[in-house]
Amino acid sequence: MEGETQQAREIFIRYLGSPAQMHREGALKQYNQYGIVREMELQWFQEMIAEGCGRLSIRDWEAVARLEALSKNYQDPVIVDKTASFASRNLMSADSIVRLMYAEALVEIIRAHKIVITRELLFSACRVAVQLLESVVTQPLVTDPGHELQQLGLKDKRALNSRAKKSIEEVERLIN
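Residues numbered from 1 in each chain as written. Predicted model: local features only at pLDDT ≥ 70, side-chain atom pairs only at ≥ 80, totals over all residues. Heavy atoms only, no water.

Regarding the environment of H147
This is how it is decided: Numbering of helices and strands runs from the N terminus, with a helix taken as a DSSP run of H or I at least four residues long and a strand as a DSSP run of E at least two residues long. Exposed residues in this analysis have more than 50% of their type's maximum accessible area, buried residues have under 20%, and partly exposed residues fall in between, with area computed by a 1.4 Å probe over protein chains only. The contact rule is simple, with two residues in contact once any of their heavy atoms fall within 4.5 Å.
Its location among the elements puts H147 in the loop between α8 (119–138) and α9 (157–175). Look at H147 and you get buried, because its relative accessible area is 17%. Sequence-wise, H147 and N90 are 57 residues apart; in three dimensions their C-alpha atoms are separated by 17 Å. Other than its neighbours up to four places away in sequence, H147 contacts W61, D95, I97 and V98.

So this is what it looks like as structure tokens:
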């Protein structure tokens, strides 16, 4: 039984708990055969959140992207709080691309959690996102080695600013 639970856990984590994604990839039938109870799934979600929040780093965009993807399947205010806290403490000194990437991910995380977070957390997380985005717009373009605008499908600083401004507009929609 332990082996089956481990196999189910691996499937669950691979697809971030998304039954739709499991179905698309042909793994849902196998996963359902294990008969995993909801309490176990909730525990696995908590483990994924803790792991993702623990990996947040200005050098690891995958961690914030994974939390963003996870947020589409499971909402927990901790994701918003930890991501916004990390961003406010660590990202103002990051390069322009990292700030934009994290801010965009934070906006999507906020959107996914809007119905389960307090207004206070909504406003504080939105404030962090806007601060990051405004710094992208107002400060000169700074890119660390290995970070290129082309990675984001952008040509120049003007395109970067345009993308940041669109995210600021999205934050305004989230608040209203």
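Concerning unusual backbone geometry
Among all residues except glycine, the phi angle is most often negative; among peptide bonds, the trans geometry is most common. Positive phi outside glycine occurs at L16, with the angle close to 50°. For L16, a relative accessible area of 10% gives the class buried.

Examining the side chain of E41
Residue position: E41 is located in helix α4 (residues 38–55). Using a relative accessible area of 13% as the deciding quantity, one classes E41 as buried. Filtering out sequence-adjacent residues up to four positions away, E41 remains in contact with F12, Y31 and I36.

Overview of the packing of aromatic side chains
Stated formally: Centres within 6.5 Å make a pair out of two Phe, Tyr or Trp rings, where for Trp the six-membered ring is used; the pair is then stacked when the planes are under 30 degrees apart, edge-to-face when over 60, and tilted otherwise.
Under the defined criterion, the tally for this structure stands at five aromatic pairs. When the ring of F12 is compared with that of W44, the centres are 5.3 Å apart and the planes differ by 55°; the resulting orientation is tilted. Here F12, found in helix α1 (residues 2–14), pairs with W44, found in helix α4; they are 32 residues apart in sequence, far enough to count as distant. Centre to centre, the rings of F86 and Y102 are 5.7 Å apart; their planes meet at 35°, and the pair counts as tilted. Separated by 16 residues along the polypeptide, F86 in helix α6 (residues 77–90) and Y102 in helix α7 (residues 96–113) bring together distant segments of the chain. The pair formed by F86 and Y102 is uniform in burial state, with each residue classed as buried. Ring pairing ties together the aromatic residues F12, Y31, W44, F45 and Y74, which thus form one cluster.

Points about the pattern of salt bridges
Test applied: A side-chain nitrogen of Lys or Arg and a carboxyl oxygen of Asp or Glu constitute a salt bridge if their distance falls within 4 Å.
Under the definition given, this model contains eight salt bridges. A salt bridge links E41 to R38; the shortest N-O distance between them is 3.1 Å. Of this pair, E41 and R38 both sit in helix α4, three residues apart, which is roughly one turn of that helix. Two residues, R158 and D156, come together in a salt bridge whose shortest N-O distance is 4.0 Å. Taking the relative accessible area as the measure of exposure, R158 reaches 65% and is therefore exposed. For D156, a relative accessible area of 31% translates into the label partly exposed.

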